[in-house]
Structure formats: C-alpha cells, structure tokens
Amino acid sequence: MKILAQLNTADEAILLIDSSNSVSKNLINKLALTLNSDPHQVILINPSIEKDDIVKNLSLLDPSLLSKLIILNRTFHLEDLLTLGRSKVKNVIDRVFILSMSEDLTIQIHQSCIENRIPINTFNSAKYSTFTLLSTYNNQNLQIGITTNLQGCKMSSRLKREVIKSIPPNINDIIENVSSLRKLINSNENLDKKEKLKWLSQIIDYYPLHELGKISIDKLNDDLNEIDFKNSHENNDPLKSRGKISLIGSGPGSIANLTIGALNAIHEADLILADKLVPQEILDLIPKNVEIFIARKFPGNADNAQEELLKIGLESVQKGLNVVRLKQGDPYIFGRGGEEYLFFQKHGYKVDVLCGLSSAFVACVNAGIPTTHRGVADQVMICTGVGRHGKIPENLPIFEEKRTVIFLMSIKRIVDILPILIGEKKWPANLPVAIVERASCGDERVIRTKLANLVDVCNKIESRPPGLIVTGWACDVFTKLDEEEEFRVIETGLSVEENVDLEKIVTLLK
Ligand code: SAH
C-alpha cells in the first residue's frame, strides 16, 4: 500500500460505520479527524448513538463542526456505499491528471470533474486541482507524505529530506518492537492489561525515540516510576536480543582515506571481522576492548575463509553483538560485499552499508592520473584480472580510445591477459599504463610504462602487493616517459598524507 494523494474534494462526503452501543474514544477521534478535514458532510451510521451522546463528549471537538455531521440511527447496508452522499454512478474515472491543456478546456474539465466527483490534479494549478500528490517516503513500517499544496514539489521533496533526517535510523525496529509489545500484552492473560497498556503509552510518549526499539516485555513494571526516562539512553539494555551487522569500507590504507563514518563504526563495534587486506594502520585504530577476527584468506582457502567469517558474523549478531564487517576499499568493488549482504538478509538481518574509498580511485589520484580529463578520457572502467575459479575473465574489454581502465587483481595475471588485450581486443601497444602498488600506504609506489612492456616490467621489479594497473591516455596527462625510457619507478609513499592528527580531528568534530 502506498500513499498516493491527499484528497481534498469539494462536497466530500465521508461515511463512518459503527456498531458499538456507546461513544468510544476511537469514534470521537475519527469524528475530530474527519470533521476537521473540512468535508461537506460526515455521515455516521450507528443503530444506538444519538447526537446528544456525542455532544456530551465535546471536549475534543469544536461544536461548530457538528453542523456537518449527520447521524443515521440504523444498521449499515452495503448499498449505503453507493447511495449515501454520492449518486449511484458506474464506470467513472476515479482520478484525472491534466498535464498541459488550454485554459478554457481546463476550466471545463475541472468543472465536469467536480460535478462527477472525480478527483482532479492540474499541473501547477491549485485552482483547478482537488488533490495534490505527496512527496512520499516509504520504509517498511513507516510512510510519510508531504505536500506544499501545489506550491512547488521541489520544496516538498526538500522538506521530506529534512524530516527523514530527524527520524532515528532504527525506526523500523522501533515500530516493530512497539507493535509486538502491544500484541504481547493483549495476548497474555497473566498480565494486567490495562496497567501494561498504560505503561506502554507512557513509554511511547516520553522515552527517547531511538531507545524504543530495545524495550522488552521483561521491563514492564507496575511501578512506572521505576523507569528512569531521563537516563534511559545510558541503560545498557541487557535484554537486547537482536544484534547489528554493518558492512564498512575501510578505504585503501591511509587514515586520511578512512571516512568518519567508518571510524565511528570501528569504535561502536563489539566484534570486527576484517579482511586480510585491511592495513595495519586502520587495525591500529580499533579500541583494545573490541574483538578482532581477520579473515584467513590464503590461496586456495578463500571460500572456506569466507564461509568461516560469515558463520562467526551470524553467530555473533544472533548473540546480540554489534558486528562490523570491515572490508578493504569499497565493500561493493570486488569485495564480495553484495554476497555478504544477501547472506545476512537471508537470515533476517538488515545490513547497514557504508561505502569506502576504492583503491581504484585513490591509486589514480595518488599516481597523478586524472581518471577523466577533457578531450582525453570521458569513461572509467574497473575490471578484474581474475575471472571465476581463477580463470581469465571472459569479457575483457575492447579498446576504447577515451577510456581509463583500472585492472584490480591483475598483476600476477598480466602475462595471460596482455596478449588478449593487444591481439583480440585491439589495444595499442604504446598505450601508457601505470602500476600502482600499496596505494595510500607509506610504501606506495608507481611504475609507469607502456602496455607492451607490462609483462617485462612486472618480471623485472619485485612486486609490492596489493597493486593494480591503470591504463589509458589519462596516464600521460601530467607525467610522460621520455622517448627511449622503458619504464620509470617512482616512490610516492612519502608524499602520501600520513600525518593525520587523530586527536586534532576529534577536537574538530566536537
Ligand atoms: N574492495 C577493494 C578491492 C578488493 S579486490 C577496493 O575497493 O579497493 C583486491 C584488489 O584491489 C587487489 O588485488 C588490488 O588490485 C587492489 N588493491 C587493494 N588495495 C590496494 C592498494 N592499497 N593499492 C593498490 N591496489 C590495491
């Protein structure tokens, strides 16, 4: 179900069907809502309630609104839906949108819609519209709709973003938790229902919103005063039953390339499951009391190590721990991040994902290669040098003059890939390329050469993993090899911004 529109039809007739024999709070609430929404008529069908009964409960209602209320003291019949407040019509259009039309015709269509009680929305015209579309937000248990009444949809979408920002990220858990608590109270014969429901409504009103996802039935207490609302956020709820799993990108190495979000996640974690590639510098930031497990991904064991990691992750999250799966670079760039997401999703957990700076981009920047450059490169591609089961990828790209291609996991495989690129895929032998190793680490190194020399160069130098290969004319924009130069090795590590003063950053953030 989606919120589509807020209806504001002239002559609107609203029907309330009620069979109870006394005036309930629910009825008064509904009357207040419907009468306040400015309808032409509100018709209440109820066999026993009279207008006087409602007048007695007027504290919530503006008495002047009662003139619009008609009460029919009888039972409801299905035909009432068609005959009350609306003539019996068939095959009518239910909603009309005018996108563009002459003013004369717009007036006629609008008039006709009004006569036939068909909701109409005329683009950019409040005057000829009876309803507006809402800028909507849909997040499982929560729907929000905002309209500025046809005074600019951009504005309502901006307002929507502002409202969403103020909603706690765990809103779905909150709604679910509160709703299951209510169900639990209603179905448990041993509880004093009235008392407990009162407790619940107090909690909903006064407790900090983000804490509502954690309240458990065990905390239901006859004495409401025992709940310390003010300090509730400091109560480490021992009954926290569901843990949390986040997939966090660590960036390629340097703290300078770590996001503030990742730093925060590292500090909030109970357990960190890190990739083998996550550099020591980042691991050093993990507080002493946080448990770390590093994936045992050595050659031939990648699948087992992955399974082991996911198993530990799932068991820990089921125990209620805050598990951070720390992945090198960006979690979705050749990091199996998507598979991990699906794994936890299958087990009923929503994974929070935080992107990281991918080595692919950081390497280019640090090596002085503008990945796109006007007139030189207007496309960027990230590929792998290893296909499934260690095979050569089947879809190596055809050469594109204005494309920068970054090959990850390719240094050891270049001997197999290069002949295909130069032969079948028509890559020019003199295309400038750069090998970037340990990008953003203190021992970062860049080797510049031409495509045809790649295998030779890789044989001549002792590699410093991890490394990647950047190809394309963008490599030549800032630095060019001399005519006769076969390759050039540049130690760039020293220029990497390593002097990040964490204490200063913490002060800045305060
Ligand atoms: N998710 C990572 C990539 C994982 S695949 C990211 O977004 O960066 C692993 C490959 O990434 C390595 O084989 C290597 O090609 C590349 N890589 C990772 N870290 C690197 C670094 N610091 N410098 C150069 N290449 C790196």
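- Looking up the protein in an unreviewed UniProt entry gives the name uroporphyrinogen-III C-methyltransferase, with the organism given as Pichia membranifaciens.
- Taken verbatim from the UniProt record of the protein, the Catalytic activity (unreviewed entry) comment is "uroporphyrinogen III + 2 S-adenosyl-L-methionine = precorrin-2 + 2 S-adenosyl-L-homocysteine + H(+)".
- We quote the UniProt Function (unreviewed entry) comment for the protein here in full: "Siroheme synthase involved in methionine biosynthesis."

## Observations concerning the nonpolar core
- Judged by nonpolar contacts, the single largest core of 21 residues is most densely connected at Phe-407, Trp-427, Ile-435, Leu-451, Leu-454 and Ile-469.
- Mapped by element, the contributors of at least two residues to this core are β16 (403–408), α13 (414–422), β17 (432–437) and α14 (454–460).
- The element best represented in this core is α13, accounting for four residues.
- The residues touching Leu-451, leaving out its near neighbours within four places in the chain, are Leu-418, Ile-422, Trp-427, Pro-428, Ala-429, Leu-431 and Val-433.
- Core analysis: the second largest hydrophobic core is formed by 18 residues, Ala-262, Ala-265, Ala-269 and Ile-282 among them.

## Digging into the site of the ligand
- Around the ligand, the structure places 17 residues, and the nearest of them are Gln-328, Ile-333, Ser-359, Ala-439 and Gly-467.
- Take Met-409: an N or O atom from its main chain is 2.9 Å from an oxygen atom of the ligand.
- For the ligand, the accessible surface in isolation is 550 Å², of which the surrounding protein chains cover 93%.
- Taken together, the residues that form the shell around the ligand break down as 10 nonpolar, five polar and two charged.

## Description of the sheet that holds strand β19 (residues 467–471)
- Reading across the sheet, the six strands line up as β15-β16-β19-β17-β18-β20 and stay open at both edges, with mixed pairing between neighbours. Each edge of the open sheet is held by one strand with a lone partner, namely β15 (379–384) and β20 (487–491). Each strand of the sheet is rotated relative to its neighbour by a mean of 20°, with strand direction disregarded.
- Where β15 meets β16, six bridges bridge the pair, whose relative direction is parallel. Among the inter-strand pairings, Thr-384 is bridged to a residue of β16, identified as Leu-408.

## What to know about the pairing of strand β9 (residues 142–146)
- Residues Leu-142, Ile-144 and Ile-146 of β9 are buried on one face, while the alternating residues Gln-143 and Gly-145, pointing to the opposite face, are not.
- Relative to β9, strand β8 (residues 135–139) is paired through five bridges, and the arrangement is antiparallel. Across the sheet, the residue bridging to Asn-139 is Leu-142, located in β9.

## Regarding the pattern of salt bridges
- This structure, assessed with the given rule, holds 18 salt bridges.
- Linking Arg-336 and Asp-303 is a salt bridge whose minimum nitrogen-to-oxygen distance equals 2.7 Å. Of this pair, Arg-336 sits in the loop between β13 (322–327) and α11 (337–346) while Asp-303 is found in helix α10 (residues 302–318), placing the two residues 33 residues apart along the sequence.
- Judged by relative accessible area, Arg-336 falls into the partly exposed class, the value being 30%.
- Look at Asp-303 and you get partly exposed, because its relative accessible area is 49%.

## What about empty space enclosed by the protein?
- Going through the model one piece at a time under the given rule, you end up with two cavities of 30 Å³ or more.
- The volume enclosed by the largest cavity comes to roughly 50 Å³.
- In this structure, the largest cavity is lined by Pro-432, Val-433, Arg-448, Thr-449, Lys-450, Cys-475, Asp-476, Thr-479, Lys-480 and Leu-481.
- Broken down by secondary-structure element, the contributors of at least two residues to the lining of the largest cavity are β17 and β18 (445–450).
- For the lining of the largest cavity, the element with the highest residue contribution is β18, accounting for three residues.
- A breakdown of the residues in the lining of the largest cavity according to their chemical character gives four nonpolar, two polar and four charged.

## A word on the packing of α10 against α11
- The geometry of α10 relative to α11 is characterised by a closest axis approach of 11 Å and an angle of 40° between their N-to-C directions. Considering their axes alone, α10 and α11 lie oblique with respect to each other. For the element pair α10 and α11, the recorded crossing hand is right-handed. Residues Gln-306, Leu-310, Gly-313 and Leu-314 of α10 pack against Glu-340, Phe-343 and Phe-344 of α11.

## Some words on the sheet that holds strand β4 (residues 69–72)
- Across the sheet, three strands lie side by side as β2-β3-β4; this open sheet has parallel pairing. At either margin of the open sheet sits one strand with a lone partner, and together these are β2 (13–17) and β4. Neighbour-to-neighbour, the strand axes of the sheet open up by a mean angle of 20°, direction not taken into account.
- By the bridge criterion, five bridges tie β2 to strand β3 (residues 41–45) in an arrangement that is parallel. Bridging from a neighbouring strand, Ile-17 pairs with Ile-45 of β3.

## What to know about unusual backbone geometry
- Cis geometry marks the peptide bond from Pro-465 to Pro-466; its omega dihedral reads -5°.
- Structurally, Pro-466 is set in the loop between α14 and β19.
- A positive phi is found at Arg-336, a non-glycine position, where the angle reads about 60°.
- Even without being glycine, His-389 reaches a positive phi, approximately 55°.

## Overview of the confidence of the model for the protein
- With 87% of its residues at a pLDDT of 70 or more, the protein shows a mean pLDDT of 84.
- Counting contacts from residues 222–241, a segment whose pLDDT is below 50, to residues more than four positions away or on other chains yields 27 contacts.

Reading the values: the criteria
Residues numbered from 1 in each chain as written. Predicted model: local features only at pLDDT ≥ 70, side-chain atom pairs only at ≥ 80, totals over all residues. Heavy atoms only, no water. UniProt positions renumbered as here; feature names shortened; annotations may be inferred. Core = buried A, V, L, I, M, F, W, Y, C linked by side-chain atoms within 4.5 Å. Buried < 20%, exposed > 50% of the residue type's maximum accessible area, 1.4 Å probe, protein only. Helix = DSSP H or I, 4+ residues; strand = E, 2+ residues; numbered from the N terminus. Contact = heavy atoms within 4.5 Å. Near = heavy atom within 4 Å. Polar contact = N/O pair within 3.5 Å; in protein donor to acceptor, adjacent residues only side chain to side chain. Areas by Shrake-Rupley, 256 points an atom, 1.4 Å probe, with all protein chains shown as cover. Nonpolar A, V, L, I, M, F, W, Y, C, P; charged D, E, K, R; others polar. Pairing = 2+ DSSP bridges. Axes fitted to C-alpha atoms, helices over the stretch in contact; angles between N-to-C directions. Salt bridge = Lys/Arg side-chain N within 4 Å of Asp/Glu carboxyl O. 1 Å grid on protein atoms, 1.4 Å probe; cavity = no way out; pocket = protein on both sides within 12 Å on 5 of 7 lines; lining within 4 Å. Points joined across faces, edges and corners; volume = space filled by probe spheres on them. Parallel < 35°, antiparallel > 145°, perpendicular 65-115°, else oblique. Left-handed = near helix turned anticlockwise from the far one by under 90°. pLDDT = per-residue confidence, 0-100.

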